[in-house]
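Residues per chain, in single letters:
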Amino acid sequence: MALAIARADTWRMNTNSSYALILAGVLIVALVAVFAWAQVQRKRKQQSLSLRQRFGPEYDRAVNELGDRGKAEAELEARRKRVARLDIAPLAVGEASRFKEAWNAVQARFVDDPKAAVVKADHLVYELMAKRGYPMGDFEARAADISVDHPGVVSNYRAARAIALADERGQADTELLRRAVVHYRALFDELLVTREPEPSVLRTEPVA
């Protein structure tokens, strides 16, 4: 009888130990899962903050347009990666001077022919983007690319384009055309980045 009781106690102890080990294993797995989930959430929050800081108002525009924060962030991240693969280069000083002169001509032309000045401003910005190395797709693709490095003025680009299209329909007065030129100028100024000229090689005469 005593032997049977001892065996029963041993079995209960072994069973309790097994349950304890299983419970400990479950708790460990649960803790690991919670930790992994927290890490994923932290990474997502960091990515969201990084995208919001980089794109500014363009972030909110993407969320409103796509109707979903996750889709908007995926779109903005795709833009960032696409532009990172492009060879966007600053202008040589001589090229920048040529573009400045062309812009001065646009402003001077506005007095006599506002409509032609807006068309020329649009073409000049297009030419400057191409010179910097941006791919010249349709307007929305160009605006998306610009938003990566110039988020503060992409809204100007869209506003200028909207006025230019309204003008094509005969729906833009002189004041709207003036605003279009101002909007184009905001983007133009940001794109007009120059690179320093190559340093000249100093030549010295050999010492006799």
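Residues numbered from 1 in each chain as written. Predicted model: local features only at pLDDT ≥ 70, side-chain atom pairs only at ≥ 80, totals over all residues. Heavy atoms only, no water.

## Some thoughts on the pattern of salt bridges
We apply this condition: Salt bridges are defined by distance alone: a side-chain nitrogen of Lys or Arg within 4 Å of a carboxyl oxygen of Asp or Glu. In DSSP terms, a helix is any run of H or I states spanning at least four residues, a strand is any run of E spanning at least two, and both are numbered starting from the N terminus. Each residue is assigned to one of three classes by its accessible area relative to the maximum for its type, calculated with a 1.4 Å probe on protein chains only: buried under 20%, partly exposed between the two thresholds, exposed over 50%.
Under the definition given, this model contains 15 salt bridges. Between Arg54 and Asp149 there is a salt bridge; the shortest N-O distance is 3.2 Å. Remark: Asp149 occurs in helix α6 (residues 139–149) and Arg54 occurs in helix α1 (residues 2–55); sequence separation between them is 95 residues. Looking at Asp149, the relative accessible area reads 38%, which means it is partly exposed. Across the pair Arg178 and Glu175 runs a salt bridge whose closest N-O atoms are separated by 2.7 Å. With Arg178 and Glu175 both in helix α8 (residues 174–191), this residue pair falls three residues apart, about one helical turn. Residue classification places Arg178 among the partly exposed positions, given a relative accessible area of 39%.

## Points about the packing of aromatic side chains
Quick note on the threshold: To pair, rings of Phe, Tyr and Trp, with the six-membered ring standing in for Trp, must have centres within 6.5 Å; the planes then decide the type, stacked if under 30 degrees apart, edge-to-face if over 60, and tilted in the middle.
Scanning all chains against the criterion turns up two aromatic pairs. Ring plane angle 25 degrees and centroid distance 4.8 Å describe the contact between Trp103 and Phe188, whose orientation is recorded as stacked. Linking Trp103 in helix α4 (residues 93–110) with Phe188 in helix α8, this pair joins segments that are 85 residues apart in sequence. For the pair Trp103 and Phe188, one class covers both residues: buried.

## Describing helix α3 (residues 69–84)
Cut-off, in case you're wondering: Residue count minus one, scaled by 1.5 Å, sets the expected span of a helix. The arc in question is the one traced by the directions running from the helix axis out to the C-beta atoms. Counting of polar contacts relies on pairs of N or O atoms within 3.5 Å, with two restrictions inside protein: one atom must be capable of donating a hydrogen and the other of accepting it, and residues adjacent in sequence are counted only when both atoms are side-chain atoms.
If you check α3, its first and last C-alpha atoms are 22 Å apart, about what 16 residues at 1.5 Å a residue would give, namely 22 Å. Residues Ala72, Glu73, Leu76, Glu77, Arg79 and Val83 constitute the buried set of α3. Buried residues of α3 fall within an arc of 155 degrees about the axis and therefore sit on the same side. Its side-chain oxygen 3.0 Å from the backbone nitrogen of Gly70, Asp68 forms the N-cap of α3.

## A short note on the environment of Arg61
Its location among the elements puts Arg61 in helix α2 (residues 57–66). Considered as a pair, Arg61 and Ala72 are eleven residues apart in the sequence and their alpha carbons are 8.8 Å apart.

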